Amino acid sequence: MSEPLLIAEDVTAGYLPGIDILSGCNLTLAQGEFVGIIGPNGAGKSTLLKSLFGLVDVRSGSVRLRGHDITNAPANRLVAQGVGYVPQTNNVFPSLTIEENLEMGLYLKPKEFRERFTFVAELFPLLSDRRRQRAGGLSGGERQMVAMGRALMMQPSVLLLDEPSAGLSPALQDEAFLRAREINATGVSIVMVEQNARRCLQICHRGYVLDQGRNAYTGNGQELLHDPKVIELYLGTLAGAQD
Amino acid sequence: MPETPAARVLADVEPRPGVPKPDPILVVDNVVRTFGGLRAVDVEHLEIQRGAITSLIGPNGAGKTTFFNLMTGFDRPDQGSWSFDGHDLSRVPAHQVANYGMVRTFQLTKALTRLTVIENMKLGATSQRGERFLPSLWPGVWRSQEREIEARADELLARFRMDHMRGELGGTLSGGQRKLLEMARALMVDPAMVMLDEPMAGVNPALTQSLLQHVKDLPGFGKTVLFVEHDMDVVMDISDWVVVMAQGRIISEGPPAAVAKDQAVIDAYLGADHGDESRFTPVSFEASAAAARRHDQEESA
């Protein structure tokens, strides 16, 4: 295979001057691949995702999309190049209807609305059934569908998902994971950050485990899921020291 | 393993949620707090052992900080009661809780930036005579108390090795120093129990060790410690007892080693294994890659 679709190389990034959240993180995403990022609180998972979308200051290292440097590129340019991003919370425009929310996702190509809406509505029938309803009145799980649907309007080749399960009940979390899986099956490559490590590792092709701003472990999702070192990272050294 | 007196006493306590303790200082019953449809805190029964270091852990959104807020009067529960050292604190407002001997710190420090370190410390003392309008006009009324308070503040600053910063403004301190200041200030009222909300968060590794040592020393001064912490190595290192919350409930408690091996805890952190797992497998990579290539070709066509 040629160069992967998306590469983050040795990325150091942070929000406040002098304080790095990521110190030399690496990630690759092949075309069609589903990659999961897990790790304990404060490991830098969301920050790594944001560094792929120009939402955090990358201080050193680089991010490349199809071989082109996109380090610190503004988000609107990345959207035009086929990257979609779904934030963790506050990810819909509450005063707009579902349909208007989806239009916002396609503001760069408004003429294609009908065609793209049909595609997104196939994945999320609810969005067309309730297209005139204001997003502010939706439940958490429904909002998550609107946010994912909106990111899909531009027909992205890469979708960045920041904790799609956040704030959802276990049943709705499962629903969100299955949606992500379906989206991947349509050929969209996905990078997903998750707190539900089990589900994330179950449905992704490859997982990255972060710890304190660095890559701790990388590998096949199933293997990582059963790796005692991963449990140890979450629960401290004692958990790994099984008798 | 912490071989503290409290750990030895607790060694005989059965590790299960809600288990009674030999000498509880805080006893919580049926405390529920809901936000809309979400049960943020739903604690049936919990006892905190006197003189021990108990840590409260759990994944994000487990309800730990909300629980702290309820216990210290910063938030009101929908129902439930709790008693501290024999006093019912269920209706006591936040500013009076400290008078009963329970003080807390915050995850994000609340040091007053435009007061000096020593002024910040002196503010921590309660029931100061000069706080009332009329007595404030006669320095003779409060001067002796003020001197005592200042002496205590200086003593604590020395213990926390911050005496050299006594005259500096709170705003000039680093994040770690603010944490130290906040912990020292909490001790100004000579509390029976200190509740620390993520004392190590944002503290640089060099200071972590000394901060940890200060927490470990507290039982020696007769204090009970209840703290929320995310760093598991810290939790395993200093706790006599660990209480685990998930989705508002206490799902496990026990000595650190027992808790770390509890499957319920592992599930809470990594995601539970429930019911039908067969749907959760990756899609075929070959198929999704082929779909992606088709999509690219359409794009360029």
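Reading the values: the criteria
Residues numbered from 1 in each chain as written. Chains lettered and ligands numbered in written order. Predicted model: local features only at pLDDT ≥ 70, side-chain atom pairs only at ≥ 80, totals over all residues. Helix = DSSP H or I, 4+ residues; strand = E, 2+ residues; numbered from the N terminus. Buried ≥ 20, exposed ≤ 12 C-beta atoms within 10 Å, placed from the backbone. Contact = placed C-beta atoms within 7 Å. Nonpolar A, V, L, I, M, F, W, Y, C, P; charged D, E, K, R; others polar. Core = buried A, V, L, I, M, F, W, Y, C linked by C-beta atoms within 7 Å. Domains from an automatic or database assignment. Pairing = 2+ DSSP bridges. Axes fitted to C-alpha atoms, helices over the stretch in contact; angles between N-to-C directions. Parallel < 35°, antiparallel > 145°, perpendicular 65-115°, else oblique. Right-handed = clockwise from strand over helix to strand, strands pointing away. Arc of directions from axis to C-beta.

A. Structural context of the overall build of chain A. In terms of regular secondary structure, chain A is built from 11 helices and 10 strands. Seen through its principal axes, chain A has C-alpha atoms that stretch 55 × 40 × 40 Å. Expressed as a percentage of its 243 residues, the buried residues of chain A come to 51%. Put simply, of all contacts in chain A between residues at least 6 apart along the chain, 65% involve residues at least 24 apart.

B. Structural view of the interface of chain A and chain B. In this assembly, 33 residues from chain A lie in contact with 32 residues from chain B. Listed by contribution, the elements that provide at least two residues to the side of chain A that touches chain B are α7 (170–185), α8 (197–203), α10 (228–235) and α11 (237–240) of chain A. By residue number, the principal contributor to the side of chain A that touches chain B is α7(A), which donates 6 residues. Partitioned by chemical class, the residues of the side of chain A that touches chain B number 13 nonpolar, 16 polar and 4 charged.

C. Structural view of the nonpolar core. Residues Ile37(A), Leu160(A), Ile190(A), Val191(A), Met192(A), Ala184(B) and Val244(B) are the most contacted members of the largest nonpolar core, which totals 142 residues. Of the domains in this structure, domain 1 (5–111 + 178–300) and domain 2 (113–172) of chain B are the two that each give at least three residues to this core. Sequence-distant contacts of Met192(A), that is, excluding residues within four places in its chain, are made with Gly36(A), Ile37(A), Leu161(A), Pro164(A), Ala180(A), Cys200(A) and Cys204(A).

D. Examining unusual backbone geometry more closely. At Asn90(A), a position not held by glycine, the phi torsion is positive, near 45 degrees. Positionally, Asn90(A) belongs in the loop between β6 (83–86) and α3 (98–105).

E. Geometry of the domain arrangement of chain B. All names here are of chain B. Domains assigned within chain B are domain 1 (5–111 + 178–300) and domain 2 (113–172). Of note, the centres of domain 1 and domain 2, computed from C-alpha atoms alone, are 31 Å apart. The interface is formed by 12 residues belonging to domain 1 together with 14 residues belonging to domain 2. With 5 residues, helix α7 (residues 175–186) is the single largest residue contributor to the side of domain 1 that touches domain 2. In terms of residue class, the side of domain 1 that touches domain 2 is built from 9 nonpolar, 2 polar and 1 charged.

F. Seen up close, the sheet that holds strand β3 (residues 34–38) of chain A. Residue and element names in this part refer to chain A. Taken together, 6 strands build an open sheet; the order of strands is β6-β7-β8-β3-β9-β10 and the sheet is mixed. The sheet terminates laterally at β6 and β10 (214–220), the two strands that pair on one side only. Strand-to-strand twist across the sheet, computed as the mean angle between neighbouring axes with direction ignored, equals 15 degrees. Bridging between strand β9 (residues 206–211) and β10 involves 6 bridges; their strand directions are antiparallel. Bridged to Val209 within β10 is Tyr217. Helix-sheet contacts for α7 involve β3, β7 (158–162) and β8 (189–193), and the interaxial angle to β8 is about 155 degrees.

G. How the structure looks around the packing of α10(A) against helix α11 (residues 263–270) of chain B. Across the interface, α10(A) lies against α11(B) with an axial gap of 10 Å and an inter-helix angle of 85 degrees. Relative to α11(B), the element α10(A) lies roughly perpendicular. In this structure, α10(A) uses Ile231(A), Tyr234(A) and Leu235(A) to contact α11(B), whose residues at the interface are Val265(B), Ile266(B), Tyr269(B) and Leu270(B). Counted by class, the contact of α10(A) with α11(B) contains 7 nonpolar, no polar and no charged residues.

H. Up close: the pairing of β8(A). Residue and element names in this part refer to chain A. Counting buried residues in β8 gives 5 out of 5 residues, a clear majority hidden from the surface. Pairing of β3 with β8 involves 4 bridges; the strand directions are parallel. Across the sheet, Val35 pairs through a bridge with Val191, a residue of β8. In terms of strand pairing, β7 meets β8 through 5 bridges, oriented parallel. If you follow Leu161 over to β8, its bridge partner there is Met192. Note on the crossover from β7 through α7 to β8: the handedness is right-handed.

I. Here's a closer look at the environment of Ile48(B). All names here are of chain B. Take Ile48: it is sitting in strand β2 (residues 38–49). Measuring from C-alpha to C-alpha, the distance between Ile48 and Phe84 comes to 9.6 Å, with 36 residues separating the pair along the chain. Apart from residues no more than four positions distant in its own chain, Ile48 is found in contact with Pro24, Ile25, Leu26, Thr54, Thr224 and Leu226.

J. Summary view of the sheet that holds β2(B). Residue and element names in this part refer to chain B. As summarised here, the arrangement of the 4 strands in space is β2-β1-β4-β5, forming an open sheet in which the pairing is antiparallel. Looking along the sheet, the strands with just one partner apiece sit at the ends: β2 and β5 (87–88). As paired strands, strand β1 (residues 24–35) and strand β4 (residues 79–84) are joined by 5 bridges and run antiparallel to one another. Bridging across to β4, Leu26 finds its partner in Phe84. Lying on the sheet, helix α2 (residues 64–71) is in contact with β1, β2 and β4; it crosses β2 at an angle near 65 degrees.

K. A look at α3(A). All names here are of chain A. Those residues of α3 that sit buried are Ile98, Asn101, Leu102 and Gly105. Mapping the buried residues of α3 onto a view down its axis gives an arc of 95 degrees, with all of them on the same face. In this structure, the buried side of α3 is in contact with α4 (113–123), α5 (125–129) and α6 (140–152).

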